[in-house]
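Next come the chains, spelled out residue by residue.
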2 protein chains.
Amino acid sequence: MSKLRAALAALLLAGMGAWSTAALAQSDPLPSWNDGKAKQAILAFVGKVTQEGGADFVRPEQRIATFDNDGTLWAEQPIYFQVQFAFDEVKRLVAQRPELKGKEPYRSVIARDIKGLTAGGGKGLLQVMAATHAGMTTEDFAGTVGSWLASARHPTKQRPYTEMVYQPQLELLAYLRANGFKTFIVSGGGIEFMRVFAEKAYGIPPEQVVGSTGVVTFRLDANGKPQLFKEAKVEFVDDGPGKPVGINRLIGRRPILAFGNSDGDLQMLQYTAAGQGARLALIVHHTDAEREWAYDRTSPIGKLDKALDEATAKGWTIVDMKMDWKTIFPVGR
Amino acid sequence: MSKLRAALAALLLAGMGAWSTAALAQSDPLPSWNDGKAKQAILAFVGKVTQEGGADFVRPEQRIATFDNDGTLWAEQPIYFQVQFAFDEVKRLVAQRPELKGKEPYRSVIARDIKGLTAGGGKGLLQVMAATHAGMTTEDFAGTVGSWLASARHPTKQRPYTEMVYQPQLELLAYLRANGFKTFIVSGGGIEFMRVFAEKAYGIPPEQVVGSTGVVTFRLDANGKPQLFKEAKVEFVDDGPGKPVGINRLIGRRPILAFGNSDGDLQMLQYTAAGQGARLALIVHHTDAEREWAYDRTSPIGKLDKALDEATAKGWTIVDMKMDWKTIFPVGR
């Protein structure tokens, strides 16, 4: 039976492949991308790595694509959305227990010490998150994030945060997956924060999210039920040189495509670009002050300086948001 | 176009589903399993969680199945295969550099201090691995494991280690995947060791392998190429209470099915069984001294004592190797 099944599966897959190639030839898989160097680089790359028998063919299981989240898949201004979540959580917790008001990290958060919290790749923020959620089960934490996402609105765009995602990137993720890629998030953000919305927002399941982690401990809860509890300690910061380490830890293969937007993505891009065979390294350059935000070398959030120089020097693909993206946010959601 | 594509995809998937259901109805998906309680429990569980509209239906993305490796997917006697690899590596390294002979951990290994190396969930072994491979890139390490697997033979069965896998489990993995499950390894073994053979041996890709890890650092190599280097330090032991922690870290969902064989799997089984909805917890009981090995409560390798009591008390499924498995190892490979 196994040979029959394999043959049938191969036929079905071949049929799907032929049909999807035909469908893609007839219509544009990236309608929110303007024609230009960036779009052409993506189409050319996907075309060559999927062409069986071609010099650059990559087997489907090796088609690993990694995306930063903040500033690459969704916006990050005027403040990382997870920082806003932490602030809102602190307010919620202090309202419940006013005695916390004078204690750290609550005091700093209430004083809005954003600089301190976002310094060092967001480690300060992670510490606030860890401290404010210590003793909570991972499942309760996911519930808290879900409630916040359902009600919170972006301070200037007035949209739910999950609608602050970039339409061109949603198309790119779908296009890559239709071409046999496995898409991953690799972000400095908290892994358990992102896993709550990544599947619905991006079609990326929890097991394909790489992020910063806090210490988690297994023990029985008060009812004798086995649970995982969050501890007040940062374990791993998935930023800068931590990104290739996080990729190795969770994915175990070197990506063939990586997409970032800041210096925190530099090492992921280097690691990806340096592999053997065809590689594509991409950077979103935030150049659109009207529709989104314009910032790079001096921004405290999403600073893009060294990685912009290296992208230019090495010929990585720089996506100019203003020029390359027809639409920024999803319409009519 | 997206509606057309979605409709076509749905048709194709429906076709595949109908065809595979029909195929399964006609033939036994688990031919190496004898009819008995264990096989019936598996078939009943898969049947109910995949029955759309049924009370126990589980959406495909939630169908997470986790398997221990040593003693569950492949054999572990007379010594964990990774320990044998470490021993052989030490011999290889000492042959190249005789001055290492008197130094730790080389000296203990040469003295075959197995008890010390396998104590504490294999942390001693992981330390040997870390020490002997410190300074090597992750990619070079994978090459070393691959070479060893290609030439090493099991000391008594004389088979390559990758043929010491259990045929009934290969069938179970394939059956679960055919029913929309995502299959993961969750083992105390080294993650980078297992990732070398898991895809070929079990059809489990590197990103679905959870294991113990050593510290890895990103830096440029002597040629300026970005690489990940292994350090001489254990980072995380994915054993006992570490298993649910590793599952949370890499998978981010509570499994609905878990399969182990020793006390090191107890917490993974507890964590899995305690989730809401239908769950299946299984244990391989090594009872076959003739075809494999017979051991449990007092074995230094794969000790099964507390987990055997808890399995009995909680009604988990105990797979009696001698009674339940028609074949142990793949035939004619």
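Residues numbered from 1 in each chain as written. Chains lettered and ligands numbered in written order. Predicted model: local features only at pLDDT ≥ 70, side-chain atom pairs only at ≥ 80, totals over all residues. Heavy atoms only, no water.

A. Quick peek at the overall build of chain A. Each helix and strand counted, chain A has 12 helices and seven strands in total. Among the 333 residues that make up chain A, the fraction classed as buried is 55%. Within chain A, residue pairs in contact and separated by at least 24 positions form 68% of the contacts whose partners lie at least 6 positions apart. On chain A, roughly 13800 Å² of surface is accessible, and the fraction owed to carbon and sulfur atoms is 54%. (Helix = DSSP H or I, 4+ residues; strand = E, 2+ residues; numbered from the N terminus. Buried < 20%, exposed > 50% of the residue type's maximum accessible area, 1.4 Å probe, protein only. Contact = heavy atoms within 4.5 Å. Areas by Shrake-Rupley, 256 points an atom, 1.4 Å probe, with all protein chains shown as cover.)

B. Focus on the environment of B:Y295. Residue and element names in this part refer to chain B. Inspection of the secondary structure assignment puts Y295 in the loop between β6 (280-285) and α11 (306-314). Separated by 218 residues in sequence, Y295 and Q77 place their C-alpha atoms 9.7 Å apart. Setting aside its immediate chain neighbours within four residues, Y295 contacts G71, E76, Q77, N261, H285, H286, I301 and G302. Within the structure, Y295 has its side chain in polar contact with the side chain of E76 (distance 2.6 Å). (Polar contact = N/O pair within 3.5 Å; in protein donor to acceptor, adjacent residues only side chain to side chain.)

C. View of the packing of helix α3 (residues 81-96) of chain A against helix α6 (residues 138-151) of chain A. Residue and element names in this part refer to chain A. Between α3 and α6, whose axes approach to 11 Å, the crossing angle comes to 100 degrees. The angle between the axes of α3 and α6 places the two elements in the roughly perpendicular class. Contacts between α3 and α6 involve F81, Q84, F85, D88, E89 and R92 from the former and F141, T144, V145 and W148 from the latter. Considering only residue class, the contact of α3 with α6 consists of five nonpolar, two polar and three charged. (Axes fitted to C-alpha atoms, helices over the stretch in contact; angles between N-to-C directions. Parallel < 35°, antiparallel > 145°, perpendicular 65-115°, else oblique. Nonpolar A, V, L, I, M, F, W, Y, C, P; charged D, E, K, R; others polar.)

D. Seen up close, the relation of the copies chain A and chain B. When chain A is fitted to chain B, the best match, at an RMSD of 0.0 Å, comes from turning it 180 degrees and sliding it 0.0 Å along the axis. A rotation of that kind, with that shift, is consistent with a two-fold axis. Of every C-alpha in chain A, the one belonging to A:L250 sits nearest the axis of rotation, 2.9 Å from it. A high fraction, 100%, of the interface residues of chain A reappear at the interface in chain B, so the copies pair face to face through one surface. (Least-squares fit on C-alpha atoms with pLDDT ≥ 70 in both.)

E. Spatial organisation of the pattern of salt bridges. All chains considered together, the criterion is met by 38 salt bridges over all chains. The residue B:D35 makes a salt bridge to B:K39 at a minimum N-O spacing of 3.8 Å. Using a relative accessible area of 64% as the deciding quantity, one classes B:D35 as exposed. A relative accessible area of 3% places B:K39 in the buried class. Here the salt bridges share partners, and the residues they tie into one network are A:K182, A:R253, B:E199 and B:E207. (Salt bridge = Lys/Arg side-chain N within 4 Å of Asp/Glu carboxyl O.)

F. Local environment of the interface of chain A and chain B. If you look at the interface, chain A gives 47 residues, while chain B gives 47 residues. The interface formed by chain A and chain B contains 10 salt bridges. The partner of A:R253 in a salt bridge is B:E199, and the shortest N-O contact between them spans 3.3 Å. Here chain A is connected to chain B by 24 residue pairs in polar contact (both at pLDDT 80 or more). Per-element accounting of the side of chain A that touches chain B gives the leading share, eight residues, to helix α1 (residues 2-26) of chain A. Residue composition of the side of chain A that touches chain B, grouped by class: 24 nonpolar, 10 polar and 13 charged.

G. The arrangement of the sheet that holds strand β4 (residues 226-236) of chain A in detail. Residues and elements named next belong to chain A. What the seven strands build is an open sheet, ordered β4-β3-β2-β1-β5-β6-β7; its pairing is mixed. Here the strands that pair on one side only, and so sit at the sheet edges, are β4 and β7 (317-320). The average undirected angle you get between the axes of adjacent strands in this sheet is 35 degrees. Both strand β1 (residues 64-67) and strand β2 (residues 182-190) contribute to a ladder of four bridges, which runs parallel. By the bridge assignment for β2, F67 is matched with I185. (Pairing = 2+ DSSP bridges.)

H. Layout of the sheet that holds strand β5 (residues 257-260) of chain B. Overall, mixed pairing links the seven strands, which are arranged β4-β3-β2-β1-β5-β6-β7 (chain B) in an open sheet. Among the strands making up the open sheet, the edge pair consists of β4 (226-236) and β7 (317-320) of chain B. Ignoring strand direction, the axes of neighbouring strands in this sheet form an average angle of 35 degrees. Contacting β3 (209-220) and β4 of chain B, helix α9 (residues 242-250) of chain A crosses the sheet at an angle of about 155 degrees to β3(B).

I. Geometry of the packing of aromatic side chains. Residue and element names in this part refer to chain A. Taken as a whole, this structure holds 30 aromatic pairs over all chains when the rule is applied. When the centroid spacing of 5.3 Å and the interplanar angle of 70 degrees are considered together, the rings of F85 and W148 count as edge-to-face. Highlighted residues: F85 in helix α3 and W148 in helix α6, separated in sequence by 63 residues. Through pairs of rings, three or more aromatic residues link up here, namely W74, F81, F85, F141, W148, Y161, F193, F197 and Y202. Here the basic side chain of K230 rests over the ring of F141, its NZ or CZ set 4.3 Å away from the ring centre. Over the face of the ring belonging to F236 we find R249, whose NZ or CZ atom lies 4.3 Å from the ring centre. (Phe/Tyr/Trp six-rings, centres within 6.5 Å; stacked < 30°, edge-to-face > 60°. Lys NZ or Arg CZ within 6 Å of the ring centre and 35° of its normal.)

J. Region of the structure containing the confidence of the model for chain A. Mean pLDDT for chain A: 89, with 88% of residues reaching 70 or above. pLDDT under 50 marks residues 1-24 of chain A. Its contacts with residues more than four places away, or in other chains, come to 18 contacts. (pLDDT = per-residue confidence, 0-100.)

K. View of helix α8 (residues 191-202) of chain B. All names here are of chain B. With nine of 12 residues buried, α8 is to be regarded as a mostly interior element. All of the buried residues along α8 are I191, E192, F193, M194, R195, F197, A198, A201 and Y202. Downstream of α8 by a residue or two, G203 has a phi angle that is positive, lying close to 70 degrees.

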